[in-house]
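Observations on the model geometry
One-letter residues, chain by chain:
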Amino acid sequence: MPGEGNLNAEVMFVGEAPGANEDDQGRPFVGAAGQLLTQAINSAGVQRQEVYITNVVKCRPPGNRTPTDEEIDACVGYLFEELAMVRPKVVVALGNTAGSTLFKLAGRQWRGISAHRGKPVRLIVNGQEVLVYPTYHPAAAIYKPDLRDMFMSDVREALGLVRPRGRSRTLLDFMKGESKA
Ligand code: URA
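Note that this is a predicted model, so its numbers are computed, not measured.

The rules behind these values
- Residues numbered from 1 in each chain as written.
- Predicted model: local features only at pLDDT ≥ 70, side-chain atom pairs only at ≥ 80, totals over all residues.
- Heavy atoms only, no water.
- Pairing = 2+ DSSP bridges.
- Helix = DSSP H or I, 4+ residues; strand = E, 2+ residues; numbered from the N terminus.
- Contact = heavy atoms within 4.5 Å.
- Axes fitted to C-alpha atoms, helices over the stretch in contact; angles between N-to-C directions.
- Near = heavy atom within 4 Å.
- Polar contact = N/O pair within 3.5 Å; in protein donor to acceptor, adjacent residues only side chain to side chain.
- Areas by Shrake-Rupley, 256 points an atom, 1.4 Å probe, with all protein chains shown as cover.
- Nonpolar A, V, L, I, M, F, W, Y, C, P; charged D, E, K, R; others polar.
- Expected span 1.5 Å × (residues − 1).
- Buried < 20%, exposed > 50% of the residue type's maximum accessible area, 1.4 Å probe, protein only.
- Arc of directions from axis to C-beta.
- Parallel < 35°, antiparallel > 145°, perpendicular 65-115°, else oblique.
- Salt bridge = Lys/Arg side-chain N within 4 Å of Asp/Glu carboxyl O.
- Phe/Tyr/Trp six-rings, centres within 6.5 Å; stacked < 30°, edge-to-face > 60°.

**What about the sheet that holds strand E4 (residues 90-94)?**
- Ordered by their spatial adjacency, 6 strands build an open sheet running E1-E3-E2-E4-E6-E5, and the pairing between neighbours is mixed. Among the strands making up the open sheet, the edge pair consists of strand E1 (4-5) and strand E5 (121-125).
- Bridging between E5 and strand E6 (residues 128-135) involves 5 bridges; their strand directions are antiparallel. If you follow Leu123 over to E6, its bridge partner there is Val130.
- In the packing of helix H3 (residues 69-86) onto the sheet, the strands contacted are strand E2 (11-15), strand E3 (52-55), E4, E5 and E6, and the crossing angle to E3 comes to about 165 degrees.
- Sitting on the sheet, helix H4 (residues 95-105) is in contact with E2, E4, E5 and E6, with an inclination near 130 degrees to E4.

**Points about the site of the ligand**
- As a matter of local geometry, the ligand sits amid Gly15, Glu16, Ala17, Glu22, Pro28, Phe29, Asn55 and His137.
- Contacts to the ligand include Asn55, whose side-chain N or O atom sits 2.7 Å from a nitrogen atom.
- Surface burial for the ligand is 91%, taken as the share of its 240 Å² of free accessible area covered by protein chains.
- Of the residues assigned to the shell around the ligand, the class counts are 3 nonpolar, 3 polar and 2 charged.

**Focus: helix H7 (residues 145-160)**
- A rise of 1.5 Å per residue sets the reference length of H7, with its 16 residues, at 22 Å; its end C-alpha atoms lie 22 Å apart and thus fit the reference within 8%.
- All buried positions along H7 are accounted for by Leu147, Phe151, Met152, Asp154, Val155, Ala158 and Leu159. End-on view of H7: buried residues confined to an arc of 165 degrees, all on one side of the axis. Exposed residues lying more than 90 degrees from the buried face of H7 are Pro145 and Asp149.
- Of the surrounding secondary structure, the elements contacted by the buried residues of H7 are E2, helix H2 (32-43), E4, E6 and helix H6 (138-141).

**A word on the packing of H3 against H4**
- Contact geometry for H3 and H4: axes closest at 12 Å, N-to-C directions at 80 degrees. By the angle between their axes, H3 is roughly perpendicular relative to H4. Along its contact with H3, which presents Ile72, Val76, Leu79 and Phe80, the element H4 presents Thr97, Thr101, Leu102 and Leu105.
- For the contact of H3 with H4, the per-class residue count stands at 6 nonpolar, 2 polar and no charged.

**Re the pattern of salt bridges**
- One pass over the full model with this rule turns up 7 salt bridges.
- Of the charged contacts, one joins Arg48 and Glu4 as a salt bridge, the two residues approaching to 3.0 Å between their closest N and O atoms. Placement of the pair is Arg48 in the loop between H2 and E3 and Glu4 in strand E1, with a sequence separation of 44 residues.
- Since its relative accessible area comes to 12%, Arg48 is described here as buried.
- A salt bridge links Arg65 to Glu71; the nearest nitrogen and oxygen atoms lie 2.8 Å apart.
- Owing to a relative accessible area of 34%, Arg65 belongs among the partly exposed residues under this scheme.
- One salt-bridge network, in which partners are shared between bridges, spans Glu4, Arg27 and Arg48.

**Brief notes about the packing of aromatic side chains**
- Tallying each qualifying case throughout the model produces 1 aromatic pair.
- Between Phe103 and Trp110, the ring centres sit 4.9 Å apart and the planes meet at 70 degrees, which makes this aromatic pair edge-to-face.
- Its relative accessible area of 3% is what places Phe103 among the buried residues.
- Given a relative accessible area of 18%, Trp110 falls into the buried group.

Next comes the structure, spelled out in structure tokens:
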């Protein structure tokens, strides 16, 4: 199951792997976690179609277990292609699998999502420089109000890195198709 969204997006969201709903529909983040992700994006005044949303692993691991290293290795080439195609400035890593995969690919040590969340870091991933912004996975944030608050504000902050707070879209931006300046 491929990612979806704006191929010129400045922000890419990377999750773990499709769940049952995503597997059924062939689209990423369409279940409960996806609804929270969409809500967080919208709370920043951004539409879901403006960003690009994908997963590290493109097939649903049986029983929703965490993907194995072999499954991640088998899929990482697709993520490289998505990164090369979209060329995002910011990559929001949703949870441990996305964060640890991106850090590992950049040769950096990963100390767990709680250590890294909310702290953007510049990484070279497959020769491409991106600002990686780790946050909790929305599925982890659904039932835990404290994680949920952090997740919502992290997503807003990550989106604000490319669209400074207070700046609204001008007609000129619209006419330029919000081209990356
Ligand atoms: N969880 C993920 O990591 N990705 C999805 O697409 C849905 C749920």
